[in-house]
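Here is how the chains run, residue by residue.
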Amino acid sequence: MSPADPVEAARDYRGIDIGPRDLGPCYEGAIPAIVATAAADGTPNITYLSKVHLVDDERVALSNQFFSKTARNLAENPRASLLVTHPTTGDQFRLTLCFERTERRGPVFERLRGDVDAVAAMTGMQDVFKLRAADVYRVLLVEQVLTPVHFDGRAIPGDTPPPDLRASSANLAVLTARLSRCGDLDTLVSVALEGLAELLGYDETVLLLLDERGERLYTIASRGFDAEGVGSEVAVGDGVIGMAAERCAPMRVGNLHQMSKYSNRVRRTYEEQGIVAPGREIAVPERDETESRIAVPAMVLGQLVAVLAAESPHQAAFSEHDEAILSVVAGIVASAIEIDGAQERAESAAAVAVPVAHHIEPVASEAPVRVRFFDIDGSMFLDGDYLIKGVAGRILWVLLSHYTRDGRDEFTNKEVRLELAGELPDFRDNLESRLILLKRRLDERAAPIRIEKTGRARFRVVVDGAVALEAVTASED
């Protein structure tokens, strides 16, 4: 660099120039950064950070949440020292900073706010654990902190190969072509998740659709987990997935275990001060070894339709490149869902409400499957084991009621939609997705009841054996 450049480069132990932009993985929060300031009399203050954000080639922004001492020190002495650590190599870098300004709005603030909100959502501290401001600093010097042993050939951030954008673009085009050939929603979600793994390397993914009230997300499909988890729910605003839905913006976390420890430690400090009562742990479905999670909203016409999420056992596994790739796929899936739903509703409106029913012969030789339905929340139990709840549970109850009472096994979406009047909104109802959810949940449980498609907006319920129905009202429970 020339002497006129405001940012001085450092050299690593092999003599390679490094600058602020080369430290990208260090800013992901996998290992918390440390900032040090000093008062006018030289009294130091050191504190951990939730997040560091690279603003440009000359500046970084630090999340300001609890920086009362830091703020006082900066008013007297605008210099600070920032220590960041590469999450995979362990190399440490010290940045000498000069405080420039504080931002309380704008894109830099919003980016940091999203990261801090993700930490808060892990421990139910959204009302307390908030970003106050984004403090922007100019980087004056970057230095590598030499540890006792450095090995030749060891990677530094600048050595990390950039994403193969050309390969990603080509494989994304292949996945898009596959999705365009899907004839129904059930096939679409399976092809999307399989293609993400085969073509783009996202092995652990989950697709959650927004419910009818816009309050919760429910899992319609997943890949790479021990259990598919169909029907599991996440409240909008809870965890990384819920925050992506609430903010309609991508969210990613690079060290779930470390961030959980950090947020728990902050929560305990607040509890000791009597500021907040003990909060509940927010349960986010994940593997025990999960370190990184990314969630992107699937939008159509500015409206949230779903959230696509991916996980990894590696720290700082996802970057802005992954946000871009997954956002494209999420947008394609959301558009396909809306198109499929619009076609289904149009064809359902023109369909005959009641199809010709097959005569079902009762099966008396086997013990019947006990089906228990709770009207208060639509919960369904098969032989005492929980199956599903909500709209999907009410759909199954309607189908089995006709099956046992009328001997019918074939249905149309139109008649189910009419029977569930009040449960589904008039515009953009999720009936088709709820049917797919129900079908997948029954298959996952290897239940003696199945849902089979027989045509567009038509399906059949298949029951292996006899069923005994029992409805429980709120007064009886």
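Figured I'd write up the structure that's included with this text. (Residues numbered from 1 in each chain as written. Predicted model: local features only at pLDDT ≥ 70, side-chain atom pairs only at ≥ 80, totals over all residues. Heavy atoms only, no water.)

Quick notes on helix 8 (residues 390–406)
Defined as follows: Labels follow the DSSP assignment, with helices taken as runs of H or I lasting at least four residues and strands as runs of E lasting at least two, numbered in each case from the N terminus. One less than the number of residues in a helix, times 1.5 Å, gives the span that helix is expected to have. Accessibility here uses a 1.4 Å probe with only protein chains present; expressed as a share of the type maximum, an area under 20% marks a residue as buried, one over 50% as exposed, and anything in between as partly exposed.
For helix 8, with 17 residues, the first-to-last C-alpha span of 24 Å sits near the 24 Å given by 1.5 Å per residue. With 13 of its 17 residues buried, helix 8 lies for the most part within the structure. Backbone geometry just after helix 8 places Gly407 at a positive phi near 70°.

Some thoughts on the packing of aromatic side chains
Condition: Note on aromatic contacts: the rings of Phe and Tyr and the six-membered ring of Trp form a pair at centre separations within 6.5 Å, being stacked when their planes are under 30 degrees apart, edge-to-face when over 60 apart, and tilted otherwise. Two thresholds decide whether a charge sits over a ring: the Lys NZ or Arg CZ must be within 6 Å of the ring centre and within 35 degrees of the ring normal.
Overall, the coordinates contain 6 aromatic pairs when judged by the stated rule. A ring pair is formed by Phe381 and Tyr386, whose centres lie 5.6 Å apart and whose planes are at 70°; its orientation type is edge-to-face. A relative accessible area of 22% means that Phe381 is categorised as partly exposed. An aromatic cluster of three or more residues is present, and its members are Phe374, Phe381 and Tyr386. Sitting over the ring of Tyr218, Arg434 keeps its end group 3.8 Å from the ring centre.

Description of the pairing of strand 21 (residues 458–463)
Put simply, the rule reads: Here, any two strands with at least 2 DSSP bridges between them count as paired.
Taken together, the 3 bridges between strand 19 (residues 410–412) and strand 21 define a ladder with antiparallel strand orientation. Bridge pairing links Thr412 to Arg458 in strand 21. In this sheet, strand 21 lies alongside strand 20 (residues 449–455) in antiparallel orientation, the contact comprising 6 bridges. Within the sheet, the bridge partner assigned to Glu452 lies in strand 21 and is Arg460. The hairpin formed by strand 20 and strand 21 contains 2 residues between the paired strands, and Ala457 there has a positive phi angle of roughly 65°.

Notes on the side chain of Ser222
Definition in use: A 3.5 Å cut-off defines polar contacts: any pair of N or O atoms within that distance qualifies, except that in protein one atom must be a possible hydrogen donor and the other a possible acceptor, and neighbouring residues in sequence count only when both atoms are side-chain atoms. In this description, contact between two residues means that some pair of their heavy atoms is separated by no more than 4.5 Å.
Topologically, Ser222 is positioned in strand 11 (residues 216–223). Among the residues examined, Ser222 registers a relative accessible area of 15% and is labelled buried. Within the local environment of Ser222, its side chain forms a polar contact with the backbone oxygen of Glu228, the two atoms lying 2.5 Å apart. Beyond its immediate chain neighbours, meaning those up to four positions away, Ser222 contacts Leu193, Thr205, Val206, Ala227 and Glu228.

Worth remembering: the numbers are spatial, not functional.
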